[in-house]
Structures are given as structure tokens and as C-alpha cells.
Amino acid sequence: MALSQAGTLEPEETSPRTRQRMQESTPTGTTELQLSPEQGERGAGAARQLRVLLTPLAGAGRRLPQKRLLGAYGGEGAEGRAPAGKRLCLERPPTLPSPRKPAPASPPATPPAGSPAGNGFDGVWDADSDGSDVGDAPLDGYSQLSAYERKRLKNITENAKFFAALKLHESAARLHQIATKRPSHVTKRAKPKKAEDETVRRRSMRLQRVEPSGIPMPEMPAQPGAEEYPQVPAGPLPMVPEDQMGDSKLTEDLLTTWMRISEMKANDTEKRTHDMKRYQDSLNSMVLSEDNIKKVVKYRVSSMAIHPSESIIFVAAGDKSGQIGLWNVNSKSEEGAHVFIPHNYLVSCMHFSPFNPAHLLSLSNETLRCGDVTRAVFDEICRSEESLSSFDFLEDNASTAIVGHWDGDVAVVDRRTPGTSSELSADIGFKRTRTVHVHPVNKQYFIAAGSVDVCIYDVRYLKSNGNKPVSSLKGHTKSVASAYFSPVTGNRVVTVCADDKLRVYDTTSLSSTVSVLSTVRHNNNTGRWLTRFRAIWDPKQEDCFVVGSMARPRQIEVFQDTGKLLHSFYNLDCLGSVCSINVVHPSKNILVGGNSSGRLHVFKE
């Protein structure tokens, strides 16, 4: 054999004696190797294109590498041709499955040239590989293969049959098919039943618009824009209650009582401040009973006023829908309260006239009206396209008033002039004006509470634009719900702010900046379903004010201007709601609180 340039041994032409020696060293058998047709065809192709590559001899002490038999499958014919480039590689594994025979004690002799060891094998052979096994005899086309190579082909064939018997390929194909066609885990919605499958609901003849005789009633034309309450027209309105279909005599009795108590002159006793101990005793004497609780209006109470009469407790309440309820607390009949509808929107402010209590002035978003019980009519004093928020009287005779607007402006209204327009509209620089209140002594001053601004102005110097305040009450960080002067001297101002604080300012001297006298931590977060708290002064006590509370049990609190809590009105059995709006009688120990359901609670001695 000659050594090529690439380092491999190329076979040379062998002599007849050498071929005979190689055949004698090859083991023979009687049993043929069982191959599948496909493997037989591949073996035939390999026999026709057999090629042996030999590696150079190794040095002393190293085992010689085994032969590698490479055969390319596929003949020239069309049948049985294997894929192009596919070759059969036959080589001896590093370890054979059968146990090895023990090596002889004497050193092995040099194998003959025709023996397997001399042809490049290790010289240590398994007992199963000596050519004596059945099935190791050379087959047609495999006569030139050694015993090891034939044994390897046999093992390959048996392994292939074993794996074919397991049918792993078929199982893998079935699993792959199941995995690809697995149904989705998304639950499909059940299809709605058809209308004809549904059970027919029973409907009354009234809903089917069928008369008892079975004759269908004619279709009534639809009334577009129909509302629960009709819009109140502009101009004067008759003082007719909403439940006019009931007994009108009870309504006449209520209005007659109002007229009668208004004709009685109240005692002109000068308002004075009692000592604190006496005042606390009077607060402790005021209690709430079930007889003094009544639903006066249908919806949430947004404003209240109490008649100054000392003989009868007469209360007016306005709600968010524009209703005004009048209640004679001293009346024992079931119909002690009657409801009137002079407005279309929330009634945000109400006052009995200090000059003539027979007049009840009420303000809504678009109108300011005066209910005159002597003429049984609701007159229209002012109408504006801008939303109105609050008002207060500028004079003791209640002929003029200052009116606040939700857009921040203020207006001056004179009841003596004809028409329903204001006399003056002034921009005070507020984004929003919630409440206005006139100084009790110096009537030219009024205080306005807005988003975060609380300022005192002089009505004599109001103009359309560029108005500057006389004093500013600083310190509010959120929107202010109300600001009111103390009732006797006006030397104090109490404010309610959304930053959960009640502040009392000293307004004895109206300087440019008014100092804070005291601050009270108070939960003013009423939410959207309750009317915002308004702290009001007790007309009988200069330095004490009343405010609703979110605390439990539900209560109405009384504070001193120093920030001290003096008293809490509560009743576990009768008071179970928040009274956001409160009013105090000017001369008697009477307190009325209104809640979000339209009920009034009267605490009295």
C-alpha cells in the first residue's frame, strides 16, 4: 500500500496469495444475516461502491485506530437508490456489549500480516465477535467485510427491528397531531335564546293598554321633554302649595298663622351676651324628641330660615329641587307642613325680612323672590342669566340687598325700583362667590367668600371693574364654604374651609390684612351627597357659633370663638344623620337642623 500526499493509505493491487490469506483469516458461518429489503438494497449499493481508508501507523505503545468503512448508498438504477450524499460508516465501538476474554499471561506475539490485528485492529476480540456466532457468515455482497463489520450490521438490523416494533414514530406522529388540534380553553358564551323560545312574561292589561273589556286603547301621543316638575314661569306666582288637591283649609290655616305671628311685634330687647355658664346651661336644657322631627321637603335641605316670633316656632326650608317647605312646629296635625315650588333650581339662601317677617325672601340660580303671605304671592325681585349664589340685606328696612354670583361677581338689587334687573354688577376678582354677608353695625361693609378668597368690601365704592378689598382674610388653602360676621358687633368672622379647618378672625379693626384669632381642626369633607357645612353665629351669643359635624354619634356642635367646644347636640334614638344646615332662633333657645333627606330636627327647651 502506498502513502498518498493527504496522509492516507491508498489500496494497491494485491497478489492472489495475499487475497487467499485474507479469506482464510475471515470467519465464516452457516446462517445468513437477516436484513430488510431496504437495508439489503443499501448493502448491495455499498458493496458496489466500497472504499477503505487507512490511517498511518501509530508509534510504539499506542493502539492502532480502527478501520472506517465508508460506503455510499445508491446505485445507478432508479429503484432502491438512497438519498444523494448519504454514506454508511462502519467502525468498531470503543466497548463491546459482551464480556472480554482474559488476556493471556505471556506477551502476545506479533500477529500475522493477514490477521485482524495485522490489518489495523487492536488484537483483543470479544468472544461474540470471533466469527463463530450464527448469522455472522458472509452474505452475498458482504464477502469482503470483516467479522466485526458483519456483527455491527447485524446489531443495526436488530435495533432497527426492535424500534420498529415499538412504533415510536407512529406514536410521535399521533401525539403531534393531537397537540396541534387541541381545542381552545376559551369558554364560549352561550348564545342568547331566540325570542320565540323565551317564556312570555305576564303583563297587566294596564301595561298592555287594554281596557278590561279587551278593546285596545288608542295610542296617546308622546310628549317630548316631559319632566317630573314643570318649569316655573317668570313673574309673580300664586302661593299655592304642591298638594293643592288635598284639603285647602289646612293650607289656609298655615298661611293665616304666618300672617298672625308676623303682625305681632317682637320684644325689642337689646341683644346682649350672657355669661358663659348661663349660656351652657341653656344649651344643656335643649333636647330633641320624636314629635319635633318632620320631613318638610322632598330632597336635600340646602337652606333654612326661622321666623322671629316668640309664640310659635315657624320654620322655612329650601331643597335642591326648588321646593320651599313651611312648617308650624307647634301644630299637632299631620299636615303641619306644606310645600311650595317657586323655583326651578336649588334654593341656596333664605331670610325672613327683618323689617316685615310676613315676607320670606328666597334665592335660586336664576331668581330672587319674595313670598308675601299677606297677598299670597311669590313676587319676582331679580332675574339674572348668571347663576345666583347668596344674598343679604344692606339696610334694616330690607329694601336693598347685595347678591353674589357663582361666577365671582356681586350685584346690588333695589326692591323699590321697577323691573327685575340689578342696579349694579361689580367684578371683585373672584373666580366664585359662595356667600355674602353684611356687617351688622356698619352696613356699608360686606364680606364675600369665594374659592380660596375671603375679602371685605365697601359697597359705596363698588364699580364694574378694578374693585379692591378693604381687608383680606388670608390662610385658606382650599375652597371656602361660608364666611359670616358675628351678630352683635361684627368683631369676629368665622369661616368654613375644605382644608378641614374652622377659622375665627378678629375684625375689630378693618386693616388690609386681618389676623387669625383661632383655628379649629374639623372634618368638613361632606362629599357630594351632603350640603356643605356653614358655621353660623348664635344671635343671642356674640362669641359662639354652631356647625354640623361628621362625627359619630351624629351631632351638631357649638364652639366658642377661642376654638373651645362648648356643647354637642345629639340623640342616639332620634338623630341618625348629618345636619349640614342649621339655624338658631334670635331670642329663644331653639336650634333647627336639616339633613340630606329633607327632614328637620328641632332642639328646644
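Since this is a predicted model, take the numbers as computed values, not measurements.

Participant: Can you walk me through the overall build of the protein chain in this structure?
Facilitator: What the protein chain contains, in helices and strands, is 6 helices and 34 strands. Here the protein chain holds 605 residues, and the buried ones make up 42% of them. On the protein chain, roughly 34,700 Å² of surface is accessible, and the fraction owed to carbon and sulfur atoms is 52%.

Participant: Explain unusual backbone geometry here, please?
Facilitator: The bulk of non-glycine residues show a negative phi, and the bulk of peptide bonds are trans. With an omega dihedral of -5°, the bond running from Arg552 to Pro553 counts as a cis peptide bond. Here Ala376, not a glycine, exhibits a phi torsion of approximately 55°, which is positive. Following the sequence through the fold, Ala376 ends up in the loop between strand E14 (367-372) and strand E15 (377-383).

Participant: Is there a simple way to explain the sheet that holds strand E6 (residues 237-238) in this structure?
Facilitator: Picture the strands of a sheet paired through backbone hydrogen bonds; they go either parallel or antiparallel. Read from one edge to the other, the open sheet built from 5 strands follows the order E6-E15-E14-E13-E12, with strand pairing classed as antiparallel. If you trace the sheet from one side to the other, it starts and ends with E6 and strand E12 (349-352), each paired once. Inspection of the sheet shows E12 paired to strand E13 (residues 359-363) by 4 bridges, in the antiparallel sense. The partner of His351 across the bridge, within E13, is Leu361.

Participant: Sorry, what's going on with the packing of aromatic side chains here?
Facilitator: By convention here, two paired aromatic rings are described through the distance between centres and the angle between planes. For the structure shown, the criterion picks out 11 aromatic pairs. Measuring from ring centre to ring centre gives 6.0 Å for Trp258 and Phe352, while their planes differ by 85°; the resulting arrangement is edge-to-face. On the criterion of sequence distance, the pair formed by Trp258 in helix H5 (residues 248-263) and Phe352 in strand E12 is long-range, its members being 94 residues apart. Both residues of the pair, Trp258 and Phe352, belong to the buried class. An aromatic cluster of three or more residues is present, and its members are Trp258, Phe314 and Phe352.

Participant: Teacher, can you tell me more about empty space enclosed by the protein here?
Facilitator: Which parts of space are left empty comes out when a probe the size of a water molecule is rolled across the atoms. The final tally for this structure, using the stated rule, is 1 cavity of 30 Å³ or more. Within this model, the largest cavity holds a volume of roughly 80 Å³. As for the largest cavity, its lining consists of 13 residues, and the residues nearest its centre are Tyr279, Leu283, Met286, Asp538 and Val584. Breaking the lining of the largest cavity down by element, the ones donating at least two residues are helix H6 (276-284) and strand E33 (590-594).

Participant: Would you explain the nonpolar core in this entry?
Facilitator: Across soluble globular proteins, nonpolar side chains have a tendency to be buried as a group. With 32 residues, the main nonpolar core has Phe545, Phe569, Leu591 and Phe603 as its most contacted residues. Counting only elements with at least two residues in this core, the list comes to H6, strand E24 (480-485), strand E25 (492-497), strand E26 (501-506), strand E28 (536-537), strand E29 (544-548), strand E30 (556-560) and strand E31 (565-569). When residues of this core are assigned to their parent elements, the largest contribution, 4 residues, is made by E29. When residues no more than four places from it in sequence are discounted, the contact partners of Leu591 are Met286, Val546, Ile556, Phe569, Asn582, Val583, Val584, His601, Val602 and Phe603. Formed by 21 residues, the second largest nonpolar core is a distinct cluster that contains Leu237, Ile261, Val373 and Phe378.

Participant: Is there a simple way to explain H6 in this structure?
Facilitator: Every α-helix winds through 3.6 residues per turn, so residues three or four apart in the chain are directed the same way. Buried residues of H6: Tyr279, Ser282 and Leu283, and no others. Seen along its axis, H6 keeps its buried residues to an arc of 100°; they face one direction. Contacts from the buried residues of H6 go to E29, E30 and E31.

Participant: Honestly, the side chain of Glu542 in this entry has me stumped. Any pointers?
Facilitator: For Glu542, the location among the structural elements is in the loop between E28 and E29. Buried within the structure, Glu542 lacks any salt-bridge partner; its nearest side chain of opposite charge belongs to Arg492, at an N-O separation of 6.7 Å. Only 2.7 Å separates the side chain of Glu542 from the side chain of Ser486, close enough to count as a polar contact. Of the polar contacts made by the side chain of Glu542, one reaches the backbone nitrogen of Val488; its length is 2.8 Å.

Participant: Mind showing me how you'd approach the pairing of E13 here?
Facilitator: A regular strand carries its side chains on alternate faces of the sheet. Among the 5 residues in E13, 5 count as buried, and that is most of the element. Burial of E13 is two-sided: the residues His359, Leu361 and Leu363 facing one way and the residues Leu360 and Ser362 facing the other way are all buried. Hairpin geometry of E12 and E13 is characterised by an intervening segment of 6 residues between the two adjacent antiparallel strands. Where E13 meets E14, 5 bridges bridge the pair, whose relative direction is antiparallel. Along E14, the bridge assignment pairs His359 with Asp372.

Participant: I tried to follow the pairing of E30 on my own but got confused; where do I start?
Facilitator: Among the 5 residues in E30, 5 count as buried, and that is most of the element. Where burial is concerned, the two faces of E30 agree: the one with Ile556, Val558 and Gln560 and the one with Glu557 and Phe559 are both buried. Bridge analysis of E29 against E30 gives 5 bridges, and the strand direction is antiparallel. In the sheet register, Phe545 faces E30, and the bridge partner there is Phe559. As judged from the 4 bridges shared by E30 and E31, these two strands associate in the antiparallel manner. By the bridge assignment, Ile556 is partnered in E31 with Phe569. What sits between E30 and E31 in their antiparallel hairpin is a turn of 4 residues, with Gly563 showing a positive phi close to 100°.

Participant: How should I be thinking about the pattern of salt bridges in this particular structure?
Facilitator: Pairing between side chains of opposite charge can happen when their charged atoms approach one another. Inspection of the entire model under this criterion finds 14 salt bridges. Ionic pairing is found between Arg383 and Glu380, a salt bridge with its closest N-O pair at 2.7 Å. The class for Arg383 is partly exposed, based on a relative accessible area of 28%. Taking the shortest distance from any N to any O, the salt bridge between Asp538 and Lys540 comes out at 3.1 Å. Owing to a relative accessible area of 3%, Asp538 belongs among the buried residues under this scheme. Taking relative accessible area as the criterion, Lys540 reaches 11% and is therefore assigned buried.

Participant: Sorry, what's going on with the sheet that holds strand E22 (residues 454-458) here?
Facilitator: Spatially, E20-E21-E22-E23 is the arrangement adopted by the 4 strands of the open sheet, whose pairing is antiparallel. Among the strands making up the open sheet, the edge pair consists of strand E20 (433-438) and strand E23 (471-472). As defined by bridge partners, E22 adjoins E23 across 2 bridges and the pair is classed as antiparallel. Paired with Ile456 across the bridge in E23 is Ser471.

Participant: Sorry, what's going on with the confidence of the model for the protein chain here?
Facilitator: Detailed reading of predicted coordinates is not advised where the pLDDT is low. Confidence along the protein chain averages 79 in pLDDT terms, with 68% of residues attaining 70 or more. Contacts for the low-pLDDT stretch residues 54-138, under 50 throughout, to residues beyond four places or in other chains number 134 contacts.

Participant: Just checking my understanding: could you explain the environment of Ala426 for this structure?
Facilitator: For Ala426, the location among the structural elements is in strand E19 (residues 424-427). Under the relative-accessibility criterion, Ala426 is labelled buried at 2%. Taking C-alpha positions, Ala426 is 8.7 Å from Gly466, a pair spaced 40 residues apart along the chain. Residues contacting Ala426, with those up to four places away along its chain left out, are Asp409, Val410, Leu462, Lys463, Ser464 and Asn467.

Cut-off values and rules
- Residues numbered from 1 in each chain as written.
- Predicted model: local features only at pLDDT ≥ 70, side-chain atom pairs only at ≥ 80, totals over all residues.
- Heavy atoms only, no water.
- Helix = DSSP H or I, 4+ residues; strand = E, 2+ residues; numbered from the N terminus.
- Buried < 20%, exposed > 50% of the residue type's maximum accessible area, 1.4 Å probe, protein only.
- Areas by Shrake-Rupley, 256 points an atom, 1.4 Å probe, with all protein chains shown as cover.
- Pairing = 2+ DSSP bridges.
- Phe/Tyr/Trp six-rings, centres within 6.5 Å; stacked < 30°, edge-to-face > 60°.
- 1 Å grid on protein atoms, 1.4 Å probe; cavity = no way out; pocket = protein on both sides within 12 Å on 5 of 7 lines; lining within 4 Å.
- Points joined across faces, edges and corners; volume = space filled by probe spheres on them.
- Core = buried A, V, L, I, M, F, W, Y, C linked by side-chain atoms within 4.5 Å.
- Contact = heavy atoms within 4.5 Å.
- Arc of directions from axis to C-beta.
- Lys, Arg positive; Asp, Glu negative; His and termini not counted.
- Salt bridge = Lys/Arg side-chain N within 4 Å of Asp/Glu carboxyl O.
- Polar contact = N/O pair within 3.5 Å; in protein donor to acceptor, adjacent residues only side chain to side chain.
- pLDDT = per-residue confidence, 0-100.

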